[in-house]
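Each chain is listed here by its residues.
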Amino acid sequence: SDYSSHFGAALFVNYQLGGSPFSIGGWLEYFTSNGPETWFLNPGAQGVGMVVGPTWSPDWAKKHLFVRGEVGVLHLSTIGTPGSVGYTSSGTGRNQATFLAQAGFLF
């Protein structure tokens, strides 16, 4: 019988900028979709990604409040099985930019 699975691995880093309320975080990732079913993007898709983002968490909030912005890129090294589509409206793109803004309370 056929099976499908998804594998992903990531390395996360975070660096506090001295005594300031700012830190820089990010990660590198690898992903692959195995088998005939769609788990991530397409069956047989493989790629890598990278994200970097600064975070602000002021001392007066005792690190319970944060604001973060992130920018990243996903790159498909393999789009997938024949007939699969990639990024962009043409379906042939291998790169996708990502942007994220977050704010929240930690408790």
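About the thresholds
Residues numbered from 1 in each chain as written. Predicted model: local features only at pLDDT ≥ 70, side-chain atom pairs only at ≥ 80, totals over all residues. Heavy atoms only, no water. Helix = DSSP H or I, 4+ residues; strand = E, 2+ residues; numbered from the N terminus. Polar contact = N/O pair within 3.5 Å; in protein donor to acceptor, adjacent residues only side chain to side chain. Contact = heavy atoms within 4.5 Å. Pairing = 2+ DSSP bridges. Axes fitted to C-alpha atoms, helices over the stretch in contact; angles between N-to-C directions. Patch = residues over 30% accessible without salt bridge, like charges linked within 9 Å, V, L, I, M, F, W, Y side chains within 5 Å. Areas by Shrake-Rupley, 256 points an atom, 1.4 Å probe, with all protein chains shown as cover. Salt bridge = Lys/Arg side-chain N within 4 Å of Asp/Glu carboxyl O. Buried < 20%, exposed > 50% of the residue type's maximum accessible area, 1.4 Å probe, protein only. Phe/Tyr/Trp six-rings, centres within 6.5 Å; stacked < 30°, edge-to-face > 60°.

Student: When you look at the side chain of Ser84 in this model, what are you seeing that I'm missing?
Tutor: Mapped onto the elements of the fold, Ser84 is located in the loop between β4 (65-78) and β5 (95-105). At 2.8 Å, the side chain of Ser84 and the backbone oxygen of Thr81 are in polar contact. Once residues within four sequence positions are removed from consideration, Ser84 is found in contact with Asn42, Pro43 and Ile79.

Student: Would you mind showing me how to read the sheet that holds β5 here?
Tutor: Neighbouring strands of a sheet are bound in pairs by backbone hydrogen bonds; such pairs are parallel or else antiparallel. The sheet built from five strands is open, its strands ordered β1-β2-β3-β4-β5 with antiparallel pairing. The two strands at the open ends of the sheet, each matched to only one other strand, are β1 (5-16) and β5. Neighbour-to-neighbour, the strand axes of this sheet turn through a mean angle of 15°, independent of strand direction.

Student: I keep staring at the pairing of β1 and nothing clicks. Help me out?
Tutor: Where a strand is regular, its side chains alternate between the two sheet faces. Here twelve bridges tie β1 to strand β2 (residues 22-34), and the two strands are oriented antiparallel to one another. Among the inter-strand pairings, Gly8 is bridged to a residue of β2, identified as Phe31. Where β1 folds back on β2, the antiparallel hairpin that results is connected by five residues, among which Gly18 adopts a positive phi of roughly 55°.

Student: Sorry, what's going on with a nonpolar patch on the surface here?
Tutor: Taken together, the side chains of Leu11, Val13, Tyr15, Leu17, Phe22, Ile24, Leu28, Met50, Val52 and Val73 make up a nonpolar region of the molecular surface, amounting to roughly 900 Å² of accessible area. The set of elements that each furnish at least two residues to the nonpolar patch consists of β1, β2 and β3 (46-56). Looking at the element boundaries, Val13 is found in strand β1. In this structure Val13 comes out as exposed when scored by relative accessible area, which is 53%.

Student: Before we go on, may I ask you to explain the packing of aromatic side chains in this structure?
Tutor: Aromatic ring pairs are described here by two measures, namely the spacing of the ring centres and the angle between the planes. Scanning all chains against the criterion turns up two aromatic pairs. Centre to centre, the rings of Phe7 and Tyr30 are 6.4 Å apart; their planes meet at 55°, and the pair counts as tilted. One end of the pair, Phe7, is in strand β1; the other, Tyr30, is in strand β2, with 23 residues separating them in the sequence. Classification of Phe7 by relative accessible area gives partly exposed; the value is 44%. When the ring of Phe12 is compared with that of Trp27, the centres are 5.5 Å apart and the planes differ by 45°; the resulting orientation is tilted. Of this pair, Phe12 sits in strand β1 while Trp27 sits in strand β2; the two residues are 15 residues apart in sequence, bridging distant segments of the chain. Judged by its relative accessible area of 25%, Trp27 falls in the partly exposed class.

Student: For this particular structure, what's the right way to read the environment of Leu17?
Tutor: In this structure, Leu17 sits in the loop between β1 and β2. With a relative accessible area of 36%, Leu17 lands in the partly exposed category.

Student: Sorry, what's going on with the pairing of β3 here?
Tutor: Only one face of β3 is buried, namely the one carrying Gly47, Gly49, Val51, Gly53 and Thr55, since none of Gln46, Val48, Met50, Val52, Pro54 and Trp56 on the opposite face is buried. Where β3 lies against β4, nine bridges are found, and the strand directions are antiparallel. Paired with Met50 across the bridge in β4 is Val73.

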